[in-house]
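Structural features, examined
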Amino acid sequence: MTQKELQDTLIVTGWKSAYVAKKNKSKDLISQVRREITENEILGLIVWYSQNKFQDDNCDEYTITNSKGEVELTIKKGGNNAD
């Protein structure tokens, strides 16, 4: 993707899906030029982000909060119980 193409795209969430979509002049409508983000892509990003977060912050868990500061989700590092 070119820099211009990247600048003209955004992630849009719907009722049960998320999309990478071309920006639309209307704030109310999603562009017809879009691609649904798959569950595997979303989970892959969460795993990738979490691995980096655990390493960079030297932590075993982190929380995701909403705009009011209320905890929405806690992500914990998985353990290896195969001793």
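All chains use their own residue numbering, which begins from 1 and follows the written sequence. Per-residue local features of the predicted model are confined to residues with pLDDT of at least 70, and side-chain atom pairs are confined, for both listing and counting, to 80 or more; whole-chain, interface and lining totals are unaffected and use all residues. Neither water nor hydrogens contribute to the side-chain values; these are computed over all heavy atoms in the structure.

Considerations on the overall build of the chain
Counted only if it meets this: We count a stretch as a helix when DSSP gives it H or I for four or more residues in a row; a strand needs E for two or more, and each element gets its number in order from the N terminus. With the radius of gyration taken over C-alpha atoms, the globule rule is written as 2.2 Å times the number of residues to the power 0.38. Exposure classes here rest on a 1.4 Å probe applied to the protein chains alone. A residue is buried below 20% of its type maximum, exposed above 50%, and partly exposed in between. Note on areas: Shrake-Rupley with a 1.4 Å probe; residue coverage comes only from the protein chains shown. Lys and Arg are tallied as positive, Asp and Glu as negative. Neither His nor the chain termini are counted. The atom standing in for a charge is NZ when the residue is Lys, CZ when it is Arg, CG when it is Asp and CD when it is Glu.
Check the secondary structure of the chain and you find two helices and five strands. Along the chain, helices and strands appear, N-terminal first, in the series α-β-β-β-α-β-β. In terms of C-alpha radius of gyration, the chain reaches 17 Å, well past the compact-globule figure of 12 Å for 83 residues. Taken along its principal axes, the extent of the C-alpha atoms in the chain is 55 × 30 × 25 Å. Classification of the 83 residues of the chain by burial places 11% in the buried group. Surface accessibility of the chain: about 7500 Å² in total, with carbon and sulfur atoms responsible for 50%. Where the 12 positive side-chain charges of the chain centre and where its 13 negative ones centre are 10 Å apart.

Focus: the packing of aromatic side chains
Here is the rule we go by: In this scheme Phe, Tyr and Trp rings, the latter by its six-membered ring, pair at centre separations within 6.5 Å, and the angle between planes marks the pair as stacked below 30 degrees, edge-to-face above 60, and tilted otherwise.
In total, this model carries two aromatic pairs according to the counting rule given. Pairing Y49 with Y62 gives two aromatic rings, centres 5.7 Å apart and planes at 70°, and the pair type is edge-to-face. Here Y62 lies in strand β4 (residues 61-65) and Y49 lies in helix α2 (residues 39-57), a separation of 13 residues in the sequence. For Y62, a relative accessible area of 9% puts it in the buried group.

Some details on α2
Side chains three or four residues apart in an α-helix point the same way, a direct result of the helix having 3.6 residues per turn. So the rule is basically this: A helix is expected to reach a length of 1.5 Å times the quantity of its residues less one.
Between its first and last C-alpha, α2 extends 26 Å over 19 residues, near the 27 Å set by a 1.5 Å rise per residue. Of the residues one or two after α2, N58 is the one with positive phi, at around 50°.

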